[in-house]
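Structural overview for review
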Amino acid sequence: MSRVYNFSAGPAVLPEEVLKEAAEEMLDYRGCGMSVMEMSHRSKMYQQIIDEAEQDLRDLMNIPDNYKVLFLQGGASQQFAAVPMNLMKNGKAAYIVTGQWAKKAYQEAQKYGEAVAVASSADKTFSYIPDCSDLDIPEDADYVYICQNNTIYGTLFHELPNTKGHELVADVSSCFLSEPVDVTKYGVIYGGVQKNVGPAGVVIAIIREDLIPETPYVENTPTMLSWKIQADNGSMYNTPPCYGIYICGKVFKWLKKMGGLEAMKALNEKKAAILYDFLDSSKMFKGTVRKEDRSLMNVPFITGNDELDAKFVAEAKKAGFENLKGHRSVGGMRASIYNAMPIEGVEKLVAFMKKFEEENA
Ligand SMILES: *Cc1c(COP(=O)(O)O)cnc(C)c1O
């Protein structure tokens, strides 16, 4: 068996330990004679799996008791609709548009109410985070929306926007559990787990209880998109994505063993610095993002020559570095270096880039 260094933006690399453990438990989960995939979600055994996953996530993120943790389906994209449906009491919200995912959320919200774009970085291909210290936010906006880490463009809100007292809603799909967060600064935190936490098919939403309406504000909201119904049923109004939640639970335990989110942050900063320091010193490769807004998770870079980019991606693949091609809307390269990417993966990638630069100078 040989494993590559997988720099995919998502679905993405998972801790090898977790995969091995899941493999060991595949046919017979802890003596029950069946796989977690085959188990009733109403069984005691499964209830323990989901309860433990929730508790471990609460421990890792220090989630206060007045926040609900929901394990949902439909990906982050489904929440683009669920957010306005459940939060637009006044029918209005402010969106900060820092990339394709934020834009999609903004456009989806327009279907259900008045979504106002209060800032954007579209003018420079989303290569920076706009100044959000004094935005013109409508008084009656129900929330301010951000995509905290922009997976495609490689930017991160290192500082949260000044929401001027409005609730903050954040899509954290690609920075989930990459560093500590102060949950109390947010009304809603949500993300698809397939970037940094688990297999596709699970989205986790952390929602302050008082923001969950008795019924959604949009008429005829599908039952499945009502946060209240999902919360009242412990994420089991219907069959949840059982196996995916089980894997997320294993990743939470792995993160705890690694020292929690402080330790992950230190490791992620170290990994990112190796790559960014090289990009800043290279004559061939360069990063595309304004320095102060650089993501710790997704690192886009270019040579400035499309043919050379393609050659690099092809040769890297041969050398065991997979999925380095940039998003189709940006071109160039992108290395996603999520929690589970070992530091050796980044070191070896940089060594390979150095060699490529020498050989193609
Ligand atoms: C990948 C991604 C999405 C879309 O996730 P789906 O689960 O495929 O809907 C949304 N937001 C961000 C930040 C992402 O990286």
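The model shown is predicted, which means the values in this text are computed figures rather than measured ones.

Here is what the cut-offs are and how they apply
Residues numbered from 1 in each chain as written. Predicted model: local features only at pLDDT ≥ 70, side-chain atom pairs only at ≥ 80, totals over all residues. Heavy atoms only, no water. Helix = DSSP H or I, 4+ residues; strand = E, 2+ residues; numbered from the N terminus. Buried < 20%, exposed > 50% of the residue type's maximum accessible area, 1.4 Å probe, protein only. Contact = heavy atoms within 4.5 Å. Near = heavy atom within 4 Å. Polar contact = N/O pair within 3.5 Å; in protein donor to acceptor, adjacent residues only side chain to side chain. Nonpolar A, V, L, I, M, F, W, Y, C, P; charged D, E, K, R; others polar. Pairing = 2+ DSSP bridges. Expected span 1.5 Å × (residues − 1). Axes fitted to C-alpha atoms, helices over the stretch in contact; angles between N-to-C directions. Domains from an automatic or database assignment. Buried area = accessible area lost by both parts, 1.4 Å probe. Salt bridge = Lys/Arg side-chain N within 4 Å of Asp/Glu carboxyl O.

**A word on the side chain of Q230**
Checked against the element boundaries, Q230 lands in helix α5 (residues 227–232). By relative accessible area, Q230 is classed as buried at 4%. Contacts of Q230, omitting those with residues within four sequence positions, involve L70, L72, M224, S235 and Y237.

**Comments concerning the site of the ligand**
Close to the ligand lie G75, A76, S77, F80, W101, C147, N149, T151, D171, S173, Q194 and K195. Here S77 contributes a side-chain N or O atom positioned 2.6 Å from an oxygen atom of the ligand. Between the ligand and the protein, one listed contact pairs a nitrogen atom with a side-chain N or O atom of D171 at 2.6 Å. With 4 residues, helix α3 (residues 75–87) is the largest single contributor of residues to the shell around the ligand. In terms of residue class, the shell around the ligand is made up of 4 nonpolar, 6 polar and 2 charged.

**Looking at the sheet that holds strand β12 (residues 298–302)**
Pairing is antiparallel across the open sheet formed by 3 strands, whose spatial order is β11-β12-β14. Each edge of the open sheet is held by one strand with a lone partner, namely β11 (286–287) and β14 (333–336). Relative to β14, β12 runs antiparallel, the two sharing 4 bridges. Considered in β14, the bridge of P300 is made with R334.

**Some details on helix α6 (residues 242–257)**
The α-helix advances 3.6 residues per turn, and as a result positions three or four apart in sequence lie on the same side. Between the first and last C-alpha of α6 there are 23 Å, a value that for 16 residues agrees with the 22 Å anticipated at 1.5 Å per step. With 13 of 16 residues buried, α6 lies mostly within the body of the structure. Directly beyond the C-terminal end of α6, a positive phi value near 110° is found at G259.

**Structural notes on the sheet that holds strand β9 (residues 188–192)**
Taken in spatial order, the 7 strands make up an open sheet running β2-β10-β9-β8-β5-β3-β4, and their pairing is mixed. If you trace the sheet from one side to the other, it starts and ends with β2 (67–72) and β4 (114–120), each paired once. Neighbour to neighbour, the strand axes of the sheet diverge by 20° on average, direction disregarded. Across 5 bridges, β9 lies against strand β10 (residues 203–208) in antiparallel orientation. Counterpart to G192 in the pairing with β10 is V203. Seen against the sheet, helix α2 (residues 44–61) touches β2, β9 and β10 and runs at an angle of roughly 130° to β2. Of the strands in this sheet, β2, β3 (92–97), β5 (143–147), β8 (167–171), β9 and β10 touch α3, which is tilted by about 155° from β9.

**What to know about the environment of F301**
Mapped onto the secondary structure, F301 falls in strand β12. Looking at F301, the relative accessible area reads 0%, which means it is buried. Note: C-alpha distance between F301 and L279 (22 residues apart in sequence) is 7.8 Å. If near-sequence neighbours (up to four positions away) are discounted, F301 is found in contact with L279, F285, K286, G287, T288, F312, G332, M333, A335 and M353.

**Concerning the domain arrangement of the chain**
Once the domains are mapped, the chain shows domain 1 (16–257) and domain 2 (259–359). Measuring from the centre of the C-alpha atoms in domain 1 to the corresponding centre in domain 2 gives 27 Å. Taken residue by residue, the interface counts 27 residues in domain 1 and 25 residues in domain 2. Between domain 1 and domain 2 lies a buried interface of about 2,200 Å² when both sides are counted; carbon and sulfur atoms form 55% of it. At the boundary of domain 1 and domain 2, one finds 1 salt bridge. Between K265 and E179 there is a salt bridge; the shortest N-O distance is 3.8 Å. If you look at where domain 1 meets domain 2, you find 17 residue pairs in polar contact (both at pLDDT 80 or more).

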